[in-house]
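Structure at a glance
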Amino acid sequence: MLSNIVSSMAAIPSSVSSGCSQEIDWNNLRFGLTTTDYMYVMKCSKDEEFTEGQLIPYGNIELSPAAAVLNYGQGVLEGMKALQREDGKFVLFRPVENALRMKTGAERMCMPSPSVDHFIDAVKQTALANKRWIPPPGKGSLYIRPLLLGTGPTLDVSPAPEYTFLIYATPVRNYFQEGSAALNLYVEDQFDRASRGGAGDVKSITNYAPGMKPKISAKNRGFSDVLYLDSVSGKFVEEVSSCNIFIVKDKTLLTPPTKGTILPGVTRKSIIEIAQDHGFKVEERQIAVEELLEADEAFCTGTAVGVVPVGSVTYQGKRVEYRISDTKSVCSMLLSTYIGIQNGQIEDKKGWIVEIS
Ligand code: COI
């Protein structure tokens with residue numbers, strides 16, 4: 001499997017500090033970058049298809065200053081996790097969904113993309129090459145970041161002549177500093193995340209930097225993150241800067257529909273299915289801020305974030321608190337099924353789990 005690794009470790013630039021898994025304190029992992037051993041790289045030119053990639057030592061990449069990704073943000077990203085289970089298996093969760101989402105995003109951003117099979121094979125190769133970085137069961141996961149970038153030069157606003165598909169990986173645990181504790185969200189009414197007809201439903205690299213300012217501002221005021229509203233009326237809930245949102249009212253789950261401005265999360269999709277299997281009614285529809293404020297529960301979903309309860313939301317100075325993660329909450333019940341399927345304690349009847357070893 002590793003035969004296509006370019007083996008010269010001397011190729012690692014000295015500016016990249018490679019961690020050592022022997023030294024990792026698995027009990028204190030957070031969501032931050034630890035450089036690992038290998039990354040996967042594959043290139044193709046415009047109008048061609050991706051054919052062959054290779055694993056190379058993790059390191060910096062060389063880019064033209066005129067690269068489309070640097071100048072015009074022509075790029076999409078994905079986020080996935082490889083887990084080590086108690087039964088000794090190393091697994092991915094629904095990688096087909098990430099491959100398909102990258103394809104849809106690539107089309108929107110005028111880029112060629114790898115086939116679904118090629119994407120999954122490359123992800124598996126990257127996870128296996130960095131296997132020693134996959135945390136022990138229950139200690140976290142290997143976060144896998146596939147990137148598709150317009151790396152060829154262009155001065156006018158047009159698609160790049162060359163593309164790079166790159167995957168790197170890093171061991172992580174909880175995304176939020178709160179760990180798995182409930183989040184305190186600030187309902188953002190000044191900045192928007194996405195607009196009608198834009199690319200808010202694409203995992204474009206351009207969708208994240210504009211969210212840094214409102215998020216930092218909210219964090220400086222003691223909040224965990226911001227919850228955006230729709231950009232047309234400012235009356236409906238959209239999503240958090242790094243994850244989707246659900247609310248629970250009686251036996252119904254509500255989440256905004258993926259119609260243009262909402263990122264179609266893989267965890268979101270999975271939680272909808274799990275909730276329906278548990279007999280909940282799930283409505284994908286616009287959620288007015290008033291409904292959010294009157295909900296029984298709220299929680300967030302995302303690959304990096306997982307499934308995390310919301311403890312409070314603050315909207316125009318009004319703070320509302322929710323029932324949080326007692327074992328009877330809907331969030332904790334759905335979370336335990338979601339985790340159970342991933343760690344093998346609940347039978348995977350849907351074919352969501354893909355083994356990598
Ligand atoms: C993920 O959940 O994997 C993402 O890509 C979100 C990112 C903001 C960490």
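Residues numbered from 1 in each chain as written. Predicted model: local features only at pLDDT ≥ 70, side-chain atom pairs only at ≥ 80, totals over all residues. Heavy atoms only, no water.

**Side note on a nonpolar patch on the surface**
- A cluster of nonpolar side chains, namely Tyr72, Leu155 and Val157, defines an oily patch on the protein surface of about 360 Å² accessible area.
- Within the element layout of this structure, tyrosine 72 appears in helix 1 (residues 68-72).
- Judged by relative accessible area, tyrosine 72 falls into the partly exposed class, the value being 37%. (Patch = residues over 30% accessible without salt bridge, like charges linked within 9 Å, V, L, I, M, F, W, Y side chains within 5 Å. Areas by Shrake-Rupley, 256 points an atom, 1.4 Å probe, with all protein chains shown as cover. Salt bridge = Lys/Arg side-chain N within 4 Å of Asp/Glu carboxyl O. Helix = DSSP H or I, 4+ residues; strand = E, 2+ residues; numbered from the N terminus. Buried < 20%, exposed > 50% of the residue type's maximum accessible area, 1.4 Å probe, protein only.)

**Overview of the domain arrangement of the protein**
- Domains assigned within the protein are domain 1 (2-172) and domain 2 (183-343).
- On a C-alpha basis, the centroid separation for the pair domain 1 and domain 2 is 27 Å.
- Contacts between domain 1 and domain 2 engage 22 residues on the former and 22 residues on the latter.
- Looking at the side of domain 1 facing domain 2, the largest losses of area belong to Leu77, Phe93 and Arg101, adding up to 33% of the total buried there.
- Our count for the contact surface shared by domain 1 and domain 2 stands at two salt bridges.
- One salt bridge connects lysine 269 with glutamate 97, and the closest N-O pair in it is separated by 3.0 Å.
- On inspection of domain 1 and its partner domain 2, the count reaches nine residue pairs in polar contact (both at pLDDT 80 or more).
- Tallying contributions element by element places helix 2 (residues 95-108) first for the side of domain 1 that touches domain 2, with five residues.
- Grouping the amino acids of the side of domain 1 that touches domain 2 by side-chain chemistry returns 10 nonpolar, five polar and seven charged. (Domains from an automatic or database assignment. Contact = heavy atoms within 4.5 Å. Buried area = accessible area lost by both parts, 1.4 Å probe. Polar contact = N/O pair within 3.5 Å; in protein donor to acceptor, adjacent residues only side chain to side chain. Nonpolar A, V, L, I, M, F, W, Y, C, P; charged D, E, K, R; others polar.)

**As for helix 5 (residues 266-277)**
- Taking 1.5 Å per residue as the helical rise, helix 5 with its 12 residues ought to reach 16 Å, and the 17 Å between its terminal C-alpha atoms agrees with that figure.
- Listed in full, the buried residues belonging to helix 5 are Val266, Thr267, Arg268, Ser270, Ile271, Ile272, Ile274 and Ala275. (Expected span 1.5 Å × (residues − 1).)

**Focus: the site of the ligand**
- Around the ligand, the neighbouring residues are Leu77, Gly79, Tyr143, Arg145, Tyr175, Lys203, Tyr208, Ser242, Thr303 and Ala304.
- At 3.4 Å, a side-chain N or O of arginine 145 approaches an oxygen atom of the ligand.
- Alanine 304 places a polar main-chain atom, nitrogen or oxygen, 2.8 Å from an oxygen atom of the ligand.
- In terms of residue class, the shell around the ligand is built from five nonpolar, three polar and two charged.
- Shared between two domains, the shell around the ligand takes at least three residues from each, and those domains are domain 1 (2-172) and domain 2 (183-343). (Near = heavy atom within 4 Å.)

**Looking at the pairing of strand 4 (residues 80-84)**
- One ladder, built from three bridges, connects strand 4 with strand 6 (residues 141-150); its direction is antiparallel. From the neighbouring strand, alanine 82 faces strand 6, where its bridge partner is leucine 142.
- Pairing of strand 4 with strand 5 (residues 90-93), which is carried by three bridges, proceeds in the antiparallel orientation. Each residue of the ladder has a partner; that of glutamine 84, found in strand 5, is phenylalanine 90.
- The loop that links strand 4 with its antiparallel partner strand 5 comprises five residues; one of these, glycine 88, has a positive phi angle of about 90°. (Pairing = 2+ DSSP bridges.)

**A look at the pattern of salt bridges**
- In total, this model carries 18 salt bridges according to the counting rule given.
- Taking the shortest distance from any N to any O, the salt bridge between glutamate 78 and arginine 101 comes out at 2.7 Å. Separated by 23 residues along the polypeptide, glutamate 78 in the loop between strand 3 (75-77) and strand 4 and arginine 101 in helix 2 bring together distant segments of the chain. Comparing glutamate 78 with arginine 101, the two get one shared label, buried.
- With a shortest N-O distance of 2.7 Å, glutamate 284 and arginine 268 are connected by a salt bridge. Separated by 16 residues along the polypeptide, glutamate 284 in strand 13 (residues 281-284) and arginine 268 in helix 5 bring together distant segments of the chain.
- If you follow the salt bridges from partner to partner, you end up with Arg94, Glu97, Lys269, Glu273, Asp277 and Lys350 in one network.

**Quick look at helix 4 (residues 212-220)**
- The set of residues buried in helix 4 consists of Pro214, Lys215 and Ala218. Considered in projection along helix 4, the buried side chains sweep an arc of 100° and stay on one side of the axis. Facing away from the buried surface of helix 4 by more than 90 degrees, the exposed residues are Met212, Lys213 and Asn220.
- The secondary structure elements touched by the buried residues of helix 4 are strand 8 (183-188) and strand 9 (225-229).
- Looking one or two places after helix 4, you find glycine 222, whose phi comes out positive at around 95°. (Arc of directions from axis to C-beta.)

**What to know about the packing of aromatic side chains**
- In the structure shown here, the tally under the stated rule is 11 aromatic pairs.
- A centroid spacing of 6.2 Å and a plane angle of 70° characterise the contact between tyrosine 40 and phenylalanine 165, whose relative ring orientation is edge-to-face. With tyrosine 40 in strand 1 (residues 38-45) and phenylalanine 165 in strand 7 (residues 162-172), this residue pair connects regions lying 125 residues apart in the sequence. Assigned by exposure class, tyrosine 40 and phenylalanine 165 land together as buried.
- A network of ring pairs unites the aromatic residues Phe31, Tyr143, Tyr175 and Phe176 as a single cluster.
- A cation over a ring is seen here: arginine 221 above tyrosine 186, with NZ or CZ 4.4 Å from the ring centre. (Phe/Tyr/Trp six-rings, centres within 6.5 Å; stacked < 30°, edge-to-face > 60°. Lys NZ or Arg CZ within 6 Å of the ring centre and 35° of its normal.)

**Points about the packing of helix 5 against helix 7 (residues 330-343)**
- Interhelical geometry of helix 5 versus helix 7 gives an angle of 110° and a closest axis separation of 10 Å. The orientation of helix 5 relative to helix 7 falls into the category roughly perpendicular. By crossing handedness, the relation of helix 5 to helix 7 is classed as right-handed. Of helix 7, the residues touching helix 5 (which contributes Thr267, Ile271, Ile274 and Ala275) are Leu334, Thr337, Tyr338 and Ile341.
- In the contact of helix 5 with helix 7, the residues fall into six nonpolar, two polar and no charged. (Axes fitted to C-alpha atoms, helices over the stretch in contact; angles between N-to-C directions. Parallel < 35°, antiparallel > 145°, perpendicular 65-115°, else oblique. Left-handed = near helix turned anticlockwise from the far one by under 90°.)

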